[in-house]
Amino acid sequence: MADSETILEAKGLTKEFRGFIAVNGVDLRIRRGQIHALIGPNGAGKTTCFNLLTKVLKPTRGTILYNGDDITGLTPQAVARLGLVRSFQISSVFPHLTVLENVRIALQRAAGPVYQFWRSERVLDRLDGKAMELLEQVDLQTFAGLQTVSLPYGRKRALEIATTLATEPELMLLDEPTQGMGHEDVARVTELIRRVAQGRTVLMVEHNMNVVAGLCNTITVLARGAVLAEGPYEQVSRNPAVVEAYMGAPEAELEGIGH
């Protein structure tokens with residue numbers, strides 16, 4: 001694979017907690033323009049690996065490259081400025097502000113010193129046009145004036161994605177984007193991710209295998225902190241080692257596991 005095709009790469013990524021190895025020598029390549037899922041049974045090391053890639057945790061050993069540059073020692077804020085943004089990490093939703101105000105604040109932060117918090121309402125209003133464009137991308141334009149606390153759960157997730165888009169990410173990292181949702185919200189958020197992935201790369205941790213099967217180009221399966229398998233869903237779901245890791249027996253296929 002040519003370097004230009006790789007947006008994020010981990011080499012020998014390892015994380016130890018007081019002798020316990022949570023992530024063990026993980027090699028990972030995320031191809032530019034793809035939707036890539038990180039999956040695995042409970043305790044597989046998905047969340048720890050995700051936290052290493054998004055710089056929430058520092059690796060014990062290993063290297064992380066973003067667009068070919070070593071970002072292993074950088075902070076989450078520093079990598080966000082480079083275009084690697086974790087949804088719900090840099091952005092946060094303020095429940096007692098309106099939906100529009102939340103996106104406007106995200107735009108304000110992304111703009112830096114030009115739009116400081118103490119600037120006048122008139123200056124902030126200039127961002128409303130861009131904020132409405134982002135709300136339209138996530139089908140929230142009709143909710144713009146609603147207080148965020150009143151939004152249904154699935155719509156709040158859509159708002160969190162909108163505030164992440166305000167930072168103009170090149171690589172968006174989503175942690176369990178459909179967790180806790182009913183069927184209707186899962187379908188809506190899945191379609192939303194497909195839409196916002198146009199022109200950018202997405203790496204996601206997701207338990208819902210139906211979502212993974214329908215969305216993702218490549219799936220990396222972790223088990224006991226190490227890469228167990230990698231490939232498209234059709235291939236990974238039939239891998240006996242993967243099925244055994246989830247089910248404890250190699251007879252079944254992965255179809256629908258985690259739904």
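Notes on the structure in this doc start here. This one's a predicted model, so the numbers in the text were calculated from it and none came from an experiment.

Right, let's talk about the overall build of the protein for a bit. On a plain count of helices and strands, the protein comes out with 10 helices and 10 strands. Residue burial in the protein is summarised as follows: out of 259 residues, 51% are buried. By sequence separation, contacts in the protein at least 24 residues apart represent 62% of the contacts at least 6 residues apart.

Here the focus is unusual backbone geometry. Of note in the backbone geometry, N67 takes a positive phi value of approximately 55 degrees without being a glycine. The exposure class of N67 is partly exposed, given its relative accessible area of 31%. Although it is not a glycine, R224 sits at a positive phi angle of roughly 55 degrees. Turning to its location among the elements, R224 is positioned in the loop between β9 (218-223) and β10 (226-231).

What follows concerns the side chain of T220. Take T220: it is sitting in strand β9. Within the local environment of T220, its side chain forms a polar contact with the side chain of H36, the two groups lying 2.7 Å apart. At a separation of 2.6 Å, a polar atom in the side chain of T220 contacts the side chain of E230. Non-local contacts of T220, meaning those with residues more than four positions away in its chain, are made with L28, H36, A37, L38, I39, V227, A229 and E230.

Two residues of an α-helix separated by three or four positions point the same way, owing to the 3.6 residues in each turn. Compared with an ideal rise of 1.5 Å per residue, which puts 14 residues at 20 Å, helix α7 (residues 183-196) spans 20 Å between its outermost C-alpha atoms and is within 8% of the ideal. D185, V186, V189, T190, L192, I193 and V196 are the residues of α7 that are buried. Down the axis, α7 shows its buried residues gathered within 160 degrees of arc, on one side only. Among the exposed residues of α7, those oriented more than 90 degrees off its buried face are H183 and E184. Against the buried residues of α7 lie α5 (128-137), α6 (153-165), β7 (171-175), β8 (201-205) and α8 (209-215).

Another aspect to go through is the nonpolar core. Grouped together as the largest cluster of nonpolar side chains are 45 residues, with contacts concentrated most on I39, V103, L135, V138, M204, C216 and I219. Among all residues touching I219, those that are not within four sequence positions of it are H36, A37, I39, V212, A229, E230, G231, P232, Y233 and V236. Core analysis: the second largest hydrophobic core is formed by 24 residues, V26, L38, C49 and L52 among them.

The rules behind the values
- Residues numbered from 1 in each chain as written.
- Predicted model: local features only at pLDDT ≥ 70, side-chain atom pairs only at ≥ 80, totals over all residues.
- Heavy atoms only, no water.
- Helix = DSSP H or I, 4+ residues; strand = E, 2+ residues; numbered from the N terminus.
- Buried < 20%, exposed > 50% of the residue type's maximum accessible area, 1.4 Å probe, protein only.
- Contact = heavy atoms within 4.5 Å.
- Polar contact = N/O pair within 3.5 Å; in protein donor to acceptor, adjacent residues only side chain to side chain.
- Expected span 1.5 Å × (residues − 1).
- Arc of directions from axis to C-beta.
- Core = buried A, V, L, I, M, F, W, Y, C linked by side-chain atoms within 4.5 Å.

Note that all results are geometric; they support no functional claim without further evidence.
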